[in-house]
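# Observations on chain architecture
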There are 2 protein chains.
Amino acid sequence: MQQRNADRTKARILEAATEEFAARGIAGARVSRIAEVAGCNKAMLYAYFGNKDELFDAAFTASVAQYLDEVGFDVDDLPAYAGRVFDYFEAHPERLRLSTWYRLERPDGQPLEAIVAVNQARLDELHRGMRRRVVPRQFTAVTLLSLIQAIATHWTSMNPEYGVDVPNPIIRRRAVVMAVQKILS
Amino acid sequence: MQQRNADRTKARILEAATEEFAARGIAGARVSRIAEVAGCNKAMLYAYFGNKDELFDAAFTASVAQYLDEVGFDVDDLPAYAGRVFDYFEAHPERLRLSTWYRLERPDGQPLEAIVAVNQARLDELHRGMRRRVVPRQFTAVTLLSLIQAIATHWTSMNPEYGVDVPNPIIRRRAVVMAVQKILS
DNA sequence: GCCTAGCAACCAACTGGTTAGTTGATTTCC
DNA sequence: GGAAATCAACTAACCAGTTGGTTGCTAGGC
C-alpha cells in the first residue's frame, strides 16, 4: 500500500467532492468536510483543483461525462432510451442532484461544451429520424429531448409531498416507458 | 405614509426573502442582504421570523399557498390544467426555483401539511374521475399528477445546454398541452 | 546493494474576512 | 408614559484559502 500517490488522492478528493456537493450544493458544501472524507488535507484540494468552485466544476464535469458515456442514445427506440435514463438516475440519484445544483447555483454559467456537443448530436439524430419517419414530427426535436428527459426523471425531481402513494420502481419504470410511447404516438 | 408598520415591514421582509432564497437557496442566501432589500434592520427579521430557516419556511409556505390558490385543478380538463401550471411558472420562475431549493436543501424535511392536503384532494378527484371514465386508468393517480407536473415545468427545469434552439413560449405552451393530451389518450 | 539529494506529496496551524444571530439604546405612535 | 417598532454596533463562530515546513519516494552516483 502506497502512502503517497497523487492520482489516487486526486480521485479520492473528486469522489468526496461529488458526494458533498450532491448532498449540499456549492454554497452548502464544506471544503474541510470534503478533505476529511477524502482522508487528506485541505491544502491538497487547493493544490489539485484550485478552489471550491473549480472543484465543483471538476466533479460535475466528471459526473456528466460518466452519464453520457453510460446512457447511450437511440432514436429508433426512444422509450427504451427513457427507460435507461430512468435506470441510471434510479441507481445514481446523487448525479441528478448534482445537475440540479448546477442549474440553480450557476444560473448564467457558460454551458458545458461536452454537453452542448452531445445534445447537438442527439438533436441531429432526431432530425434524421424525423426524415426517416421513425420519429413523429408533432414536436420539435428540442421539445422531444427535453420532454423525454423530464418524463424519465420526473419521480426523482418530485417534491416529497406524495408520501406513501409513490409506486415501486418497477411500476415507475413502466410508467416512464409507457408515457414516452404515448408522447410518440 | 407611515414610518412604522409591523405588517408592512413583515410583508417587505417576506418579499425580499422570497427573492433572495429563490436566487441563492438557503445556504447561499444572506440575511443581511434580505434586510437591506427589505429596507430594514436584520434584527427586525429575527424579531418577526425567528431565524434564517424559519424565514425560509415562511417564504416557501406563502409561495406554495399562493400557487395552490392561483392555479386551480380540473380533472375534467387536465391538459388545460397543465397549461395553467405552465403559465404560472412562466410568469413566476422564482417560485419553481424556491420549490427546487426546498427539495434539495431539505431532503428529509417534513412534508408541508398544506401541500399534502391539497395533493390528497387532487388524488381523490382523479380517482373519482377514473370511476367516471373521464380520466384514463393506464397510470395510477399519483403517476398522472406527477407526470403532468413534470411535463408542465419541463422547460423551466431544463439545464441550459440547449441554447438557441429553445422555442418561444407560445410553442412551448402548445407542446405542454399536447403532451398531456397524448399521455391521456 | 547502499547512500543521498532533490523533488513531489502531504499536512498542522494560521489568517482575514464573512456571517448568523444578539444587545441595549432610541424613536415613534397611541 | 408606555409599549411596540426600529436600528447601530457588537460577538462568537465559521469558513475559504494560505503558509511554512515535514515526510516519503526515487534517480543516480558509488
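Residues numbered from 1 in each chain as written. Chains lettered and ligands numbered in written order. Predicted model: local features only at pLDDT ≥ 70, side-chain atom pairs only at ≥ 80, totals over all residues. Heavy atoms only, no water.

Quick look at the protein's contact with DNA strand D now. Around DNA strand D sit 19 residues in total, of which Arg4(A), Lys42(A), Tyr46(A), Arg4(B) and Asn41(B) are the nearest. Here a base oxygen of DNA strand D and a side-chain polar atom of Lys42(A) are 2.4 Å apart. At the level of secondary structure, the elements contributing two or more residues to the surface near DNA strand D comprise helix H3 (42-49) of chain A together with helix H1 (6-28) and helix H3 (42-49) of chain B. Split into classes, the residues belonging to the surface near DNA strand D amount to nine nonpolar, five polar and five charged. (Near = heavy atom within 4 Å. Polar contact = N/O pair within 3.5 Å; in protein donor to acceptor, adjacent residues only side chain to side chain. Helix = DSSP H or I, 4+ residues; strand = E, 2+ residues; numbered from the N terminus. Nonpolar A, V, L, I, M, F, W, Y, C, P; charged D, E, K, R; others polar.)

Right, let's talk about helix H4 (residues 52-70) of chain A for a bit. A rise of 1.5 Å per residue sets the reference length of H4(A), with its 19 residues, at 27 Å; its end C-alpha atoms lie 27 Å apart and thus fit the reference within 8%. For H4(A), the capping residue at the N-terminal end is Asn51(A), with a side-chain oxygen 3.2 Å from the backbone nitrogen of Asp53(A). (Expected span 1.5 Å × (residues − 1).)

As annotated in UniProt, the feature "DNA-binding region" (unreviewed entry) corresponds to residues 30-49 of chain A in the numbering used here. End C-alpha atoms of residues 30-49 of chain A are separated by 15 Å, and the span's content is 80% helix alongside 0% strand. (UniProt positions renumbered as here; feature names shortened; annotations may be inferred.)

Before going further, it helps to spend a moment on the protein's contact with DNA strand C. Within the structure, DNA strand C sits among 20 residues, and Arg4(A), Asn41(A), Arg4(B), Arg30(B) and Lys42(B) are positioned closest to it. Backbone atoms, meaning sugar and phosphate, make up 56% of the atoms of DNA strand C lying within 4 Å of the protein. The separation between a phosphate oxygen of DNA strand C and a polar side-chain atom of Tyr46(B) is 3.1 Å. Elements supplying a minimum of two residues to the surface near DNA strand C: helix H1 (6-28) and H3 of chain A together with H3 of chain B. Here the surface near DNA strand C is composed, by residue class, of nine nonpolar, six polar and five charged.

Of the residues lining the interface, 47 residues belong to chain A; the matching set on chain B comes to 47 residues. Of the roughly 4300 Å² buried where chain A meets chain B, counting both sides, 65% is carbon and sulfur surface. Inspection of the region where chain A meets chain B yields zero salt bridges. At the junction of chain A with chain B, the criterion picks out seven residue pairs in polar contact (both at pLDDT 80 or more). Looking at the side of chain A that touches chain B, the elements with two or more residues in it are H1, helix H6 (93-105), helix H7 (113-131), helix H8 (141-153) and helix H9 (169-184) of chain A. Tallied by class, residues from the side of chain A that touches chain B come to 26 nonpolar, 15 polar and six charged. (Contact = heavy atoms within 4.5 Å. Buried area = accessible area lost by both parts, 1.4 Å probe. Salt bridge = Lys/Arg side-chain N within 4 Å of Asp/Glu carboxyl O.)

By the secondary structure assignment, Asn119(B) is in helix H7 (residues 113-131). In this view, Asn119(B) contacts Glu161(A), Tyr162(A) and Leu145(B); residues no more than four positions away in its chain are not counted.

All names here are of chain B. Topologically, Arg106 is positioned in the loop between helix H6 (93-105) and H7. For Arg106, the side chain forms a polar contact with the side chain of Asp57, separated by 2.6 Å. Aside from chain neighbours lying at most four places away, what touches Arg106 is Ile26, Asp53, Phe56, Asp57 and Trp101.

So, about the domain arrangement of chain A. All names here are of chain A. Here chain A is described as being made up of domain 1 (1-59) and domain 2 (71-185). Inter-centroid distance (C-alpha atoms) of domain 1 to domain 2 is 29 Å. Domain 1 puts 12 residues into the contact, and the matching count from domain 2 is seven residues. Note on domain 1 versus domain 2: buried area summed over both sides is about 820 Å², and carbon and sulfur give 59% of it. Area buried by domain 1 at its contact with domain 2 is led by Ala22, Ile26 and Phe56, which between them contribute 51% of it. At the boundary of domain 1 and domain 2, one finds two salt bridges. Across the salt bridge formed by Asp57 and Arg106, the nearest N and O atoms sit 2.6 Å from each other. Here domain 1 is connected to domain 2 by eight residue pairs in polar contact (both at pLDDT 80 or more). Mapped by element, the contributors of at least two residues to the side of domain 1 that touches domain 2 are H1 and H4. (Domains from an automatic or database assignment.)

The next thing to look at is the relation of the copies chain A and chain B. To go from the first copy of the chain to the second, apply a rotation about an axis and then a shift along the same axis. Mapping chain A onto chain B calls for a screw motion: a turn of 180° about the axis and a shift of 0.0 Å along it, with 0.1 Å RMSD after fitting. Both copies are brought into coincidence by an operation consistent with a two-fold rotation axis. Taken as a fraction of all interface residues of chain A, those also at the interface in chain B reach 100%, which identifies the copy contact as same-surface. (Least-squares fit on C-alpha atoms with pLDDT ≥ 70 in both.)

Throughout the structure, instances matching the rule amount to 16 salt bridges over all chains. Several salt bridges converge on common partners, so that one network encompasses Glu20(A), Arg24(A) and Arg33(A).

Once that is clear, we can look at the layout of surface pockets. Estimated volume of the second largest pocket: approximately 390 Å³. Elements supplying a minimum of two residues to the lining of the second largest pocket: H6 of chain A together with H6 of chain B. With four residues, the top contributor of residues to the lining of the second largest pocket is H6(B). Looking at side-chain class alone, the lining of the second largest pocket contains nine nonpolar, five polar and five charged residues. (1 Å grid on protein atoms, 1.4 Å probe; cavity = no way out; pocket = protein on both sides within 12 Å on 5 of 7 lines; lining within 4 Å. Points joined across faces, edges and corners; volume = space filled by probe spheres on them.)

The relative placement of two packed helices comes down to the angle between their axes together with the axis-to-axis distance. Running from amino to carboxyl end, H9(A) crosses helix H9 (residues 169-184) of chain B at an angle of 115°, the nearest separation of the two axes being 8 Å. Relative to H9(B), the element H9(A) lies roughly perpendicular. As for how H9(A) packs across H9(B), the hand of that crossing is right-handed. Along its contact with H9(A), which presents Ala179(A), Lys182(A) and Ile183(A), the element H9(B) presents Ala179(B), Lys182(B) and Ile183(B). (Axes fitted to C-alpha atoms, helices over the stretch in contact; angles between N-to-C directions. Parallel < 35°, antiparallel > 145°, perpendicular 65-115°, else oblique. Left-handed = near helix turned anticlockwise from the far one by under 90°.)

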